[in-house]
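A closer look at the structure
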Amino acid sequence: MRLTLTVVALAASAATAADGVRIRAAFAPGQDLHYRWHLEATNEWTPTVPGTDSGTMRTDFDFHLVAERVDRGVGTFRVEGQSLESVAEGAKGALGISATPDQAKLLLGQKWLKPGPRTPLKERITVDLGPRFNVSGSSGFRHIALYFLPSVDYRIWLALMTAPEGPLVPGKEWTKKFEVPIKELGNRPLAVDVYLRSDEGEATAAGRTMVVRLAGKLGLSDFDVDLKKGRTLHVASGTYSVSGRTVWDVARGVPLSIEAEQWIDAAVDDPATTLAHHARSELTLVE
């Protein structure tokens, strides 16, 4: 296997502030953070090859993070889902759910079934967040995890969701290394370097913001992908790329928005087919 790596560099500019800022949250019991999360993904194999999956998915989740307790800077938040809608469509039809805390209905094929009282949003879900908004623990996510799987790799997402360790100044640049297993390429782990940069953001009603951007690109060439039932594909060439952007509220130490995108374009010569994959994830704080 030969992998050719290219790191995407974003335009550089001189720092405009001498003093750096550390993004840190000071959680308090009863704190309420209202977020909306949108995810979407598309896989398209042309022409379709047995053992590969083509289709689309989208998920929209409206929820509150309500702090139940804070211990040594780590907040335990109750995840209160207000609404969840998720639909996946493929060659065999559509499968989906539309849920509130009181009821849910399922989509099977092209038909929405009658709503019923069984809903995943009734289940207790918690997440532990550290001062850098870093996830240190969780419980109950198995009830809804299925609806968030086919999106941007979670390692990239967590890198955007977690505030940098050191102080930030406009124009600061650094890199991170990731081992990303790509489901669409047989869960083959790819060693990806990503480039990050911080910049001053636009001021909001809450005060100062800082923006962290992320980008990276990996060239793919000459390797086999194991499919179902012993089938294989030989990838002759292609690219994996990722980009993202987080806007941080400096005073509160929480993300105002996170955006991340992931692309795969691969040319297969045995059998002859191509893969076009795109995933997008967006988290927005509702003021």
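Residues numbered from 1 in each chain as written. Predicted model: local features only at pLDDT ≥ 70, side-chain atom pairs only at ≥ 80, totals over all residues. Heavy atoms only, no water.

Turning to the overall build of the protein chain, a few remarks are in order. Along the protein chain, the regular secondary structure elements total one helix and 15 strands. Dimensions of the protein chain along its principal axes, counting C-alpha atoms only, are 55 × 55 × 30 Å. Across the 287 residues in the protein chain, those meeting the buried criterion constitute 45%. Of the contacts made within the protein chain by residues no fewer than 6 positions apart, 59% connect residues no fewer than 24 positions apart. On the protein chain, roughly 14,400 Å² of surface is accessible, and the fraction owed to carbon and sulfur atoms is 52%. (Helix = DSSP H or I, 4+ residues; strand = E, 2+ residues; numbered from the N terminus. Buried < 20%, exposed > 50% of the residue type's maximum accessible area, 1.4 Å probe, protein only. Contact = heavy atoms within 4.5 Å. Areas by Shrake-Rupley, 256 points an atom, 1.4 Å probe, with all protein chains shown as cover.)

Inspection of the sheet shows strand E4 (residues 74–90) paired to strand E5 (residues 93–99) by seven bridges, in the antiparallel sense. If you follow Val87 over to E5, its bridge partner there is Gly96. Counted between consecutive antiparallel strands, the loop separating E4 from E5 contains two residues. Hairpin connection, E5 to strand E6 (residues 104–109): the antiparallel pair is bridged by four residues. (Pairing = 2+ DSSP bridges.)

In this structure, Tyr35, Phe61, Leu65, Leu84, Phe133, Leu185 and Tyr240 are the most contacted members of the largest nonpolar core, which totals 74 residues. When residues in this core are grouped by element, the largest group, eight residues, is from strand E12 (residues 209–226). If we skip the residues at most four places from it in the chain, Tyr35 touches Phe61, Asp62, Phe63, Leu65, Phe133, Val254, Pro255, Leu283, Thr284, Leu285 and Val286. (Core = buried A, V, L, I, M, F, W, Y, C linked by side-chain atoms within 4.5 Å.)

Quick look at a negative patch on the surface now. Negative charge collects at one region of the surface, where Asp224, Asp226, Asp269 and Asp270 lie side by side. At the level of elements, E12 and strand E14 (254–270) are the ones that each hand at least two residues to the negative patch. Relative to the elements of secondary structure, Asp226 occurs in strand E12. (Patch = residues over 30% accessible without salt bridge, like charges linked within 9 Å, V, L, I, M, F, W, Y side chains within 5 Å. Salt bridge = Lys/Arg side-chain N within 4 Å of Asp/Glu carboxyl O. Lys, Arg positive; Asp, Glu negative; His and termini not counted. Charge placed at Lys NZ, Arg CZ, Asp CG, Glu CD.)

Let us now look at a nonpolar patch on the surface. On the surface, Leu95, Leu106, Leu108 and Leu113 cluster together into a nonpolar patch covering about 340 Å² of accessible area. By secondary structure assignment, the location of Leu113 is in the loop between strand E7 (111–112) and strand E8 (126–129).

Geometrically, a pair of aromatic rings is defined through the distance of the ring centres and the angle of the planes. A complete count under the given rule lists eight aromatic pairs for this structure. A ring pair is formed by Phe27 and Phe133, whose centres lie 6.4 Å apart and whose planes are at 55 degrees; its orientation type is tilted. Placement of Phe27 in the loop between strand E1 (2–6) and strand E2 (32–46) and of Phe133 in the loop between E8 and strand E9 (135–139) is noted, with a sequence separation of 106 residues between them. The class for Phe133 is buried, based on a relative accessible area of 2%. Ring pairing ties together the aromatic residues Phe27, Tyr35, Trp37, Phe61, Phe63, Phe77, Phe133, Phe148 and Trp157, which thus form one cluster. Above the plane of the ring of Trp112 lies Lys105, whose end atom (NZ or CZ) is 5.3 Å from the centre. One residue, Lys172, lies across the ring of Trp174, its end atom 5.8 Å from the ring centre. (Phe/Tyr/Trp six-rings, centres within 6.5 Å; stacked < 30°, edge-to-face > 60°. Lys NZ or Arg CZ within 6 Å of the ring centre and 35° of its normal.)

Counted according to the given criterion, the structure contains 16 salt bridges. A salt bridge links Arg280 to Glu282; the nearest nitrogen and oxygen atoms lie 2.3 Å apart. Classification of Glu282 by relative accessible area gives partly exposed; the value is 26%. Members of the salt-bridge network, linked through shared partners, are Glu68, Arg78, Glu80 and Arg124.

For the rest of this paragraph, the subject is the confidence of the model for the protein chain. Parts of the model with low pLDDT should not have their predicted coordinates read in detail. The pLDDT averaged across the protein chain works out to 87; a share of 93% of its residues lies at or above 70. Across the protein chain, the element-wise mean pLDDT spans from 32 in E1 up to 97 in E8. (pLDDT = per-residue confidence, 0-100.)

What follows deals with empty space enclosed by the protein. Scanning all chains against the criterion turns up one cavity of 30 Å³ or more. In this structure, the largest cavity spans a volume of roughly 30 Å³. Along its surface, the largest cavity is lined by Phe61, Val79, Gly81, Pro120, Leu121, Glu123, Ile125 and Ile144. (1 Å grid on protein atoms, 1.4 Å probe; cavity = no way out; pocket = protein on both sides within 12 Å on 5 of 7 lines; lining within 4 Å. Points joined across faces, edges and corners; volume = space filled by probe spheres on them.)

A cis amide bond links Thr46 with the next residue in sequence, Pro47, at an omega value of -10 degrees. Along the chain, Pro47 turns up in the loop between E2 and strand E3 (55–71). The residue Phe133 is not glycine, and still its phi comes out positive at about 65 degrees.

Most of E12 is tucked away: 13 of the 18 residues are buried. Here six bridges tie strand E11 (residues 188–200) to E12, and the two strands are oriented antiparallel to one another. The residue bridging Arg197 from the neighbouring strand is Arg213, located in E12. Bridge count for E12 against strand E13 (residues 232–249) is 17 bridges, and the pairing is antiparallel. Across the sheet, residue Ser221 finds its bridge partner in E13, namely Ser237. Linking E12 to E13, which pair antiparallel, is a turn of five residues; within it Lys229 sits at a positive phi near 60 degrees.

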